[in-house]
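What follows is the residue order along each chain.
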Amino acid sequence: QVQLVESGGGLVQPGGSLRLSCAASGSIFRINVMGWYRQAPGKQRELVENINSGGSTNYGDSVKGRFTISRDNAKNTVYLQMNRLKPEDTAVYYCNADVRSSWFGAVNDYWGQGTQVTVSS
């Protein structure tokens, strides 16, 4: 069993910044990929940015140059620093992690409950 707990969402003005955190706990041998997706009203869920255990990242074009993901492997925690926020960034942000629970165990996909980010004047 693995749990992901997000924090840091809230209301921010356009151009502002916000930092999201996601901490994983439970039966964790290794987290391969960890990161963030978001879902805005009327839209499908999309990748924001993720990071693997070696530090390589993937990101959506809409956040390039504005969002930065980082990871603390010792804490099983991932952060998303969001700068120059735009109204179109408004969404529920979900933490996601691919977790291996044992040496030879399968990798399972876990999701947090989501945290609301609202960018508005």
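See the structure above.
Draft legend 1. Inspection of the overall build of the protein at higher detail. The helix and strand tally for the protein stands at zero helices and 11 strands. Each helix (α) and strand (β) of the protein, taken in turn from the N terminus, gives the series β-β-β-β-β-β-β-β-β-β-β. Its C-alpha radius of gyration of 14 Å places the protein within 12% of the 14 Å reference for a compact globule of 121 residues. Taken over the C-alpha atoms alone, the protein extends approximately 50 × 25 × 25 Å along its principal axes. Out of the 121 residues belonging to the protein, those deemed buried represent 38%. Of the contacts made within the protein by residues no fewer than 6 positions apart, 55% connect residues no fewer than 24 positions apart. Surface summary for the protein: the accessible area is close to 6,600 Å², and the carbon and sulfur share equals 45%. Each charge class in the protein can be summarised by its mean position, and for the 12 positive and 9 negative side chains these summaries are 3 Å apart.

Draft legend 2. Geometry of unusual backbone geometry. Positive phi is not limited to glycine here, since Asn-76 has a value of about 50°. Mapped onto the secondary structure, Asn-76 falls in the loop between strand 7 (67–72) and strand 8 (77–82). Residue class for Asn-76 comes out partly exposed when judged on its relative accessible area of 23%. The residue Arg-84 is not glycine, and still its phi comes out positive at about 50°.

Draft legend 3. Quick peek at the packing of aromatic side chains. Applying the stated criterion across every chain, the model contains two aromatic pairs. Sitting over the ring of Trp-111, Arg-45 keeps its end group 3.8 Å from the ring centre.

Draft legend 4. Up close: the sheet that holds strand 1 (residues 2–7). Reading across the sheet, the four strands line up as 1-3-8-7 and stay open at both edges, with antiparallel pairing between neighbours. Of all strands in the sheet, those with a lone pairing partner are strand 1 and strand 7, marking the two edges. Adjacent strand axes in the sheet meet at a mean angle of 15°, parallel and antiparallel pairs treated alike. Bridging between strand 1 and strand 3 (residues 18–26) involves six bridges; their strand directions are antiparallel. When the sheet's bridge partners are listed, Glu-6 is paired in strand 3 with Cys-22.

Draft legend 5. The arrangement of the pattern of salt bridges in detail. This structure, assessed with the given rule, holds three salt bridges. Put simply, Arg-38 and Glu-46 hold a salt bridge, and the shortest N to O gap is 2.7 Å. For Arg-38, a relative accessible area of 5% gives the class buried. Asp-89 is the salt-bridge partner of Arg-38, the closest N and O atoms lying 2.9 Å from each other. Here the residue Arg-38 occupies a position in strand 4 (residues 30–39), and Asp-89 occupies one in the loop between strand 8 and strand 9 (91–100), the gap between them amounting to 51 residues. Among the charged side chains, a network of salt bridges with common partners joins Arg-38, Glu-46, Arg-66 and Asp-89.

Draft legend 6. Structural context of the state of the cysteines. What the rule picks out here adds up to one disulfide. Between the sulfur atoms of Cys-22 and its disulfide partner Cys-95 the distance amounts to 1.9 Å. When the S-S torsion is -85°, as for the bridge of Cys-22 with Cys-95, the disulfide is left-handed. Here Cys-22 is found in strand 3, whereas its partner Cys-95 is found in strand 9, with 73 residues between them in sequence. Taking the relative accessible area as the measure of exposure, Cys-22 reaches 0% and is therefore buried.

Here is what the cut-offs are and how they apply
- Within every chain, residues take consecutive numbers counted from 1 along the sequence as written.
- It should be noted that, the model being predicted, local features are given only for residues of pLDDT at least 70 and side-chain atom pairs only at 80 or more, the latter also being counted only at that level, while totals for whole chains, interfaces and linings use all residues.
- The side-chain figures draw on all heavy atoms in the structure; neither hydrogens nor water molecules are used.
- Counting from the N terminus, the helices are DSSP H or I runs at least four residues long and the strands are E runs at least two residues long.
- Computation of the radius of gyration draws on C-alpha atoms, with the globule rule given as 2.2 Å multiplied by the number of residues to the power 0.38.
- For every residue, the accessible area (1.4 Å probe, protein chains only) is compared with the maximum for its type, and the residue is labelled buried under 20%, exposed over 50%, or partly exposed between those bounds.
- In what follows, a contact means two residues having at least one pair of non-hydrogen atoms within 4.5 Å.
- Only the protein chains shown count as cover for residues, and the accessible areas themselves come from Shrake-Rupley with a 1.4 Å probe.
- In this charge count, Lys and Arg are treated as positive and Asp and Glu as negative; neither His nor the chain ends contribute.
- Charge positions are represented by NZ for Lys, CZ for Arg, CG for Asp and CD for Glu.
- Aromatic contacts are taken between Phe, Tyr and Trp rings whose centres are within 6.5 Å, Trp giving its six-membered ring; a plane angle under 30 degrees counts as stacked, one over 60 as edge-to-face, and the others as tilted.
- Either the NZ atom of lysine or the CZ atom of arginine qualifies as a charge over a ring when it sits within 6 Å of the ring centre and within 35 degrees of the ring normal.
- Two strands form a pair only when DSSP identifies at least two bridges running between them.
- A fitted line through C-alpha atoms represents every axis, and for helices the fit uses only the stretch in contact; the resulting angles, taken between N-to-C directions, go from 0 to 180 degrees.
- Salt bridges are counted wherever a side-chain nitrogen of Lys or Arg sits within 4 Å of a carboxyl oxygen of Asp or Glu.
- In this description, a disulfide is simply a cysteine sulfur pair whose atoms lie within 2.5 Å.

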